[in-house]
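# Topology and contacts: notes
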Amino acid sequence: MAISFVGSAENSAINGGDVTITLPSGTATDDLVVVAYAIGDNDGVNFNMAMVTTGYTEVADLFANGLQQANLGVYWKKMGATPDTAATADGLGGADAAVAAVCMVFRGVDTTTPMDVTPTTATAINVMHPDPPSINFVDLAAWTVICGASGHLLGDAGTYTFPTGYITNAIDRGSDDTTDVTVGIGYRTTPADPEDPGVMTHSGVDTLDTSWCAATLALRPAPPPPAGGVVTPRSWGLLGLGA
């Protein structure tokens, strides 16, 4: 089954507040929601990033300890019989911390093993342009997803220019506090193997007050249905399920 894009959403908070994202309309059973959220701070705290909404699996919890720090958490959840309408990320209460979150929803992802391989991650300081690392996936029909976050002092006006192949439907969100943050997410439908996504170029300029975190995911497509689309006793033997 081929993967398809359903929609995206974003939101932000200040003072370490929780961020609630209203999921795209049309989110359905078995859809995969990928959430990336970031905290910008200057207190040197490596936050234990977490989702308030239950059922999410964490694939990255990153910290770039520059003068203005970036924390990035990345999570996924398969929607159940009654799909969620919102996703809430934990702002963790930093009184001067900016929080921003983005999400994307995908259909046709394997419901048992949505991550084709272990996501790859990277961080850096004194730079504000996230560079999602290369990933070597298994399924040739996989889609890749990049997530990046930047800590800085540019307010909430900063945006990303996404690398080639990741521009369609890409989104970013900023938040303005004592330390500011930008977070973004994009996907590619026909990645190379291995895939080296390229840099998420921030609209700001590198200084000693900047840092970034990034993650690259590979989504495994759901297997095709058996001939006729329904598993019947007659087809069990063909599927290796017994006589």
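These remarks concern the structure in this document. Computed from a predicted model, the values in this text were never measured in an experiment. (Residues numbered from 1 in each chain as written. Predicted model: local features only at pLDDT ≥ 70, side-chain atom pairs only at ≥ 80, totals over all residues. Heavy atoms only, no water.)

## Quick word on the pairing of strand 14 (residues 211–219)
Most of strand 14 sits out of view: 9 of its 9 residues are buried. Along strand 14, one buried face is formed by S211, C213, A215, L217 and L219 and the opposite face, lined by W212, A214, T216 and A218, is buried too. In terms of strand pairing, strand 8 (residues 120–125) meets strand 14 through 6 bridges, oriented antiparallel. Counted as the bridge partner of T120 is T216 from strand 14. Inspection of the sheet shows strand 9 (residues 143–152) paired to strand 14 by 9 bridges, in the antiparallel sense. Bridged to I146 within strand 14 is T216. (Buried < 20%, exposed > 50% of the residue type's maximum accessible area, 1.4 Å probe, protein only. Helix = DSSP H or I, 4+ residues; strand = E, 2+ residues; numbered from the N terminus. Pairing = 2+ DSSP bridges.)

## Topic: the environment of W76
Along the chain, W76 turns up in strand 5 (residues 69–78). Separated by 126 residues in the primary sequence, W76 and H202 place their C-alpha atoms 25 Å from one another. What W76 contacts, discounting residues up to four positions off in sequence, is L32, V33, V34, G55, Y56, T57, V59, P114 and M115. (Contact = heavy atoms within 4.5 Å.)

## So, the side chain of D41
By the element assignment, D41 lies in strand 3 (residues 32–41). At 18 Å, R173 is the nearest oppositely charged side chain to D41, a buried residue that forms no salt bridge. Setting aside chain neighbours within four positions, we find D41 in contact with F47, L67, Q68, Q69, D96, A97 and T179. (Lys, Arg positive; Asp, Glu negative; His and termini not counted. Salt bridge = Lys/Arg side-chain N within 4 Å of Asp/Glu carboxyl O.)

## Comments concerning the sheet that holds strand 9
What the 5 strands build is an open sheet, ordered 8-14-9-12-11; its pairing is antiparallel. Each edge of the open sheet is held by one strand with a lone partner, namely strand 8 and strand 11 (171–175). Here the average twist between neighbouring strands, direction ignored, is 10°. (Axes fitted to C-alpha atoms, helices over the stretch in contact; angles between N-to-C directions.)

## Some thoughts on the sheet that holds strand 7 (residues 98–107)
Spatial strand order, 1-7-3-5-4: 5 strands in an open sheet with antiparallel pairing. Two strands close off the open sheet at either side, each with one partner strand: strand 1 (4–13) and strand 4 (57–64). Between one strand axis and the next, the sheet turns by 10° as a mean value, whatever way the strands run. The pairing of strand 4 with strand 5 spans 7 bridges and is classified as antiparallel. For A64, the partnering residue across the bridge sits in strand 5 and is A70.

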